[in-house]
Amino acid sequence: MKNLIKNFLIFFLVFLVIAAIFSALSKPSQAVATVGLETMIQQINDGKISEININTNKLDITLKAGQKEIVKKESTESFSTLLNNFKVDPAKTATIKINVNENSGWDYWLTLMLPILIPFLLIIGFMIFTMRGLQGVNNRAMSFGQSNAKEANPEQRDKVSFKDVAGAKEAKEELKEVVEFLKFPKKFHELGARIPRGVLLLGAPGTGKTLLSRSVAGEANVPFFHISGSEFVEMFVGVGASRVRSLFQKAKKNSPCIVFIDEIDAVGRRRGAGLGGSHDEREQTLNQILVEMDGFEPTNNVIVIAATNRPDVLDPALLRPGRFDRQVIIDLPDIKDREEILQVHSRKKPLAKDVELRKIAQRTPGFSGADLANLLNEAAILAARQNKKIIDNSELFEAIEKVMIGPERRSRIITDKEKKITAYHEAGHALVAHFLPDTDPVHKISIIARGQAGGYTLKVPTEDRHMHPKSEFIQEIAVLLAGHLTEKEIFGEVTTGATSDLRRATAMARSLVTDFGMSDHLGPRTYGEKEEMIFLGREIHEQRDYSEKVAERIDEEITDFIKQGSARAQTIIAEHKVELEKIVTALLEKETLEKEEFENLVGPKPKV
Ligand code: ADP
Ligand code: MG
Ligand code: ZN
């Protein structure tokens, strides 16, 4: 639309210029007098005229006395007809020199044609201009069915290898085998072994799936075709399937090679699920992928690697032997892996001598490889902002919080009253987290607004844990509710600041009941079928597999868990009022408290 207006303005300008030129050209020369037809006839009859130049629509007349005149005439009427009409005696004209101009001069044609042509030119030009925008679309339309897989050549310079991927040991082990297949296919063929056709990488976003598959291509030194699942999906049905066909044709020609389909869940969702028309296209595309993978000859050394972070929604047909029969799960990195990833990414970054990457790894549970890379980058940017030459611990810690919660917003104006409320709220979280036996120790408390949060309390687990008992969840709920409860205890009413705490506590309590079977009354079963359905772009998650009556019981149980958590928090707040006041005073003064400062106030975390 913006373009359209711009084009229109350009043409309007061009039009103005042309009009100006045109009017300059057609300006009549004022030096010569224009006279009427009758005057001229009179002059002819009087024998005053020496010469007449005949043009189509005017006559240039030279009088015997030397003056010049112009007489306008109709262009359709010839000069001789004119004389006839006025009954001029031919003898009178005999002495006059008469020249007939051919009127082939360009200016004549221009003045004649321009008024007709200009609107046409304008319209045509305008159309061409606007069509040019559409042309691009048209060109793309012509090559619709072609796969637009990007090929990365083995000779490419920014090649990655397994060295660039830290951690993910098992995944690398598994993929090393794939490299073997690609490098020495004969070894396997001779034993009658069938080369795996597909490897599916499963893992949370940012855990290095794309990186790993690129490193496989780098290690095996083979061509690498990269396409994203969403690129198969276009406006028209059937395009995806034909793209798959062309992609695999290309791959077979370049064998041995790797085809990498990123985000395969975009096309590989369970067929038949979902409402609306879009899944038709997905199904066709998926079918085509399956057909192509089945159609590989044993000697086609093409290995398809696909990545997804939603294995739960994948079509079972994709996972059967002969297709993506190898599934490599990439977990979020544990503390050791995090340290290694930090090492890989700090290779080119000058770190201060006293920086211990182990400490950074400790403070970043739940961070993915991408988060860690981002963290180091943020730290480098922070250091550069202060014109430092090396990156210090302070920048690294600041970057952790920035990546975790969002950037600090010191400029957010808060009143003293709000500050006090925030201080009590965060102190409540910290206090309860500190005095409960199974919660993670408090690492930092702050009442500086950061991201969406008005303040925050950071807890960092001492170790990576994968299984959590019920008691831990209740304590976690207690910590989440502590902010809200402290506000209520001190000020007698609550603010909106606790909304996300409450939402998280409620979600946690619901999971306890419906997912983990931790409710004594409802028993060890799950409630609700979590099925992926897409309707009008929205995901409808749960399908009830329980009755209305049970729904009521679930609600009661959720409320009960929340009550248990809230009771524990209240006990602690009531028992440790003195410490609470100490924390608040310190927070109001310093705005942030580090672990040591906090423990100086309340003592070390009690051991059970
Ligand atoms: P995914 O495809 O799983 O979403 P990517 O492979 O795109 O994640 O990873 C994003 C970035 O995170 C990579 O470019 C890399 O810089 C970093 N990264 C992730 N995992 C690792 C790892 N194990 N070792 C080194 N870097 C990693
Ligand atoms: Mg990726
Ligand atoms: Zn809170």
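As a starting point, this report considers the structure included with it. Residue positions are counted from 1 within each chain, in the order its sequence is given. Chains and ligands are labelled sequentially in the order written, the chains with letters from A and the ligands with numbers from 1. For a predicted model such as this one, the threshold for reporting local features is a pLDDT of at least 70, and the threshold for listing and counting side-chain atom pairs is 80 or more; totals across whole chains, interfaces and linings nevertheless cover every residue. Side-chain metrics rest on all non-hydrogen atoms present in the structure, leaving aside hydrogens and water.

1. Focus on the packing of helix α17 (residues 416-435) against helix α20 (residues 548-575)
Axes here refer to lines fitted to C-alpha atoms; in helices the fit is confined to the stretch in contact. Angles between the N-to-C directions go from 0 to 180 degrees. Segments assigned H or I by DSSP are reported as helices when at least four residues long, segments assigned E as strands when at least two residues long, and all are numbered from the N terminus. Close contact between α17 and α20 brings their axes to 9 Å; oriented N to C, the two are set at 100°. Between α17 and α20, the interaxial angle falls into the category roughly perpendicular. Facing L431, V432 and F435 of α17, the residues of α20 in contact are A569, I572 and I573. Throughout this entry, Asp, Glu, Lys and Arg are counted as charged residues, while Ala, Val, Leu, Ile, Met, Phe, Trp, Tyr, Cys and Pro are counted as nonpolar. The remaining residues, Gly among them, count as polar. Looking at the contact of α17 with α20, its residues break down into six nonpolar, no polar and no charged. By the definition adopted for this analysis, an angle is roughly parallel if under 35 degrees, roughly antiparallel if over 145, roughly perpendicular if from 65 to 115, and oblique otherwise. By definition, residues are in contact when any of their heavy atoms lie within 4.5 Å.

2. Some words on the sheet that holds strand β16 (residues 592-594)
On the basis of which strands lie adjacent, the open sheet formed by three strands has the order β13-β12-β16 and antiparallel pairing. In this open sheet, the two strands that pair with only one neighbour each are β13 (456-459) and β16. Neighbour-to-neighbour, the strand axes of this sheet turn through a mean angle of 10°, independent of strand direction. A pair of strands counts as paired when DSSP detects no fewer than two bridges linking them. Bridging between strand β12 (residues 442-446) and β16 involves three bridges; their strand directions are antiparallel. Note that in β16 the partner of K444 across the bridge is E594.

3. Quick look at the pattern of salt bridges
Whenever Lys or Arg places a side-chain nitrogen within 4 Å of a carboxyl oxygen from Asp or Glu, that contact is recorded as a salt bridge. Under the definition given, this model contains 24 salt bridges. For K419, the salt bridge goes to E591, with nearest N and O atoms at 3.6 Å. Of the two residues, K419 is situated in helix α17 and E591 in the loop between α21 (577-590) and β16; the sequence distance between them amounts to 172 residues. Residue E489 is joined to K577 by a salt bridge in which the shortest nitrogen-to-oxygen separation is 3.0 Å.

4. Considering the site of ligand 1
Near is defined per residue: the residue qualifies when any heavy atom it owns lies within 4 Å of the molecule or strand. Taken together, 14 residues lie near ligand 1, and A166, G206, K209, T210 and H345 sit nearest. We call two N or O atoms a polar contact when they sit within 3.5 Å, provided that within protein one can donate a hydrogen and the other can accept it, with sequence-adjacent residues counted only if both atoms are side-chain atoms. One nitrogen or oxygen atom from the main chain of G206 is found 2.8 Å from an oxygen atom belonging to ligand 1. L211 has a polar backbone atom sitting 2.9 Å from an oxygen atom of ligand 1. The fraction of the free accessible surface of ligand 1 (560 Å²) that becomes covered by protein chains is 80%. Secondary-structure elements contributing two or more residues to the shell around ligand 1 are α8 (209-220), α13 (335-345) and α15 (369-385). If you tally residues by element for the shell around ligand 1, the top one is α8, at three residues. Class assignment for the residues of the shell around ligand 1 results in six nonpolar, six polar and two charged. Here the Shrake-Rupley method, with its probe set to 1.4 Å, supplies the accessible areas, and only the displayed protein chains count as covering residues.

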